[in-house]
Amino acid sequence: MNILLWHVHGSWTTSFVQGKHRYLVPVNPARDEWGRGRARTFPWPASVEEMPLDQIRDVDVAIAQRPEELDLIPPHVPVIYVEHNTPKGDVPYSRHPLADRDDVLIAHVTHFNELFWDCGGTRTTVIEHGIVEPTARWTGSLERLAVVTNEPVRRGRVTGTDLFGRFPSLDVFGMGVADLTGCGVYEDLPQHEMHEAVAQRRAYLHLCRWTSLGLSLIEAMQMGMPVIALATTEAVAAVPPDAGVLSTRVGDLVDAAHWLLEEPAEAARLGARARQVALTRYGLDRFLADWDRLLEEETCASR
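Residues numbered from 1 in each chain as written. Predicted model: local features only at pLDDT ≥ 70, side-chain atom pairs only at ≥ 80, totals over all residues. Heavy atoms only, no water.

Chemist: How would you summarise the sheet that holds strand S9 (residues 170–174) if you had to cite specific residues and measurements?
Modeler: Pairing between the strands of a sheet comes from backbone hydrogen bonds, and it takes one of two forms, parallel or antiparallel. With parallel pairing, 6 strands are arranged side by side in an open sheet as S10-S9-S8-S11-S12-S13. Since the sheet does not close on itself, it has two edges, and those belong to strand S10 (184–187) and strand S13 (244–247), each with one partner. Neighbouring strand axes in the sheet, compared pairwise and without regard to direction, differ in orientation by 20° on average. Note that strand S8 (residues 142–148) and strand S11 (residues 201–206) share 3 bridges and pair parallel. What sits directly across from Leu145, in S11, is Ala203. Set on the sheet, helix H5 (residues 215–223) makes contact with S8, S11 and strand S12 (227–230); between it and S11 the angle comes to about 150°. Contacts between helix H7 (residues 250–262) and the sheet are confined to S8, S11, S12 and S13, with S12 contributing the most and set at about 175° to the helix. (Pairing = 2+ DSSP bridges. Helix = DSSP H or I, 4+ residues; strand = E, 2+ residues; numbered from the N terminus. Axes fitted to C-alpha atoms, helices over the stretch in contact; angles between N-to-C directions. Contact = heavy atoms within 4.5 Å.)

Rendered as structure tokens:
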């Protein structure tokens, strides 16, 4: 199939474009949010072709990720809208911007998302994340904790930035982390370099209060890292009790951090289980197979 999609979410797209299709990604001279083209810090295959939107032809299906994209998709092309995010605002009553439409299918990336968005009569499904397995493997050689997040200063309480100072020996990786104080910061490393560095830390810390499910958490688990996380959103389903420590009591998580920093054998035990779980549930083959079934169903239904 020829699939039109914009480069919006680099990590998710890296997994999606590993399939057997041809992926057409808009590009513009500014390489801005409407035309980023191919990724520069993620490894994408040659089947991903960047070209100006007005030159993209013969589209079989479009993957939309922002409501504004719907008006840019050629007419009569079936549309699957991927919802990456949890709702904002008055959450129990949050109406999805595409609620009560009969011309689109919403594919949520977690069951938590589907539960919390009010999509009205719009058809929905869930295709859970799957990732390209990182080549790095956990060593835990550094008695430090790792956080991977983007724009923690701007996002503040959403990413749990206000909690960082309560944890010992913390290193933060991602975009927009340079202005953080009181911890080590590693700004926007290439993905493979970041994986190698994160895997040297003793445990992975996940402090997001309100999020869908960070792919960096799954990557850490597949590398074999033990997890310390707030028991919020989809994390409670992604991380079983024998793969890490989850709690809504921050003090419990601080205690867990000290424990794992002091007990590398226990960190290794939890990390081995985390890797086993993440490879099974969030493997790339399952993810691509789920998407192939959905793509075939939607394109066949539109003929």
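Chemist: Provide a residue-level description of the environment of Thr232, including the pertinent values.
Modeler: Mapped onto the elements, Thr232 comes out in the loop between S12 and helix H6 (235–238). Once the C-alpha coordinates of Thr232 and His9 are considered, the two residues, 223 residues apart in sequence, prove to be 22 Å apart. Once you skip the residues sitting within four places of it in the chain, Thr232 turns out to touch Cys208 and Arg209. Side-chain polar atoms of Thr232 contact the backbone oxygen of Cys208, separated by 3.0 Å. (Polar contact = N/O pair within 3.5 Å; in protein donor to acceptor, adjacent residues only side chain to side chain.)

Keep in mind these values describe shape, not function.
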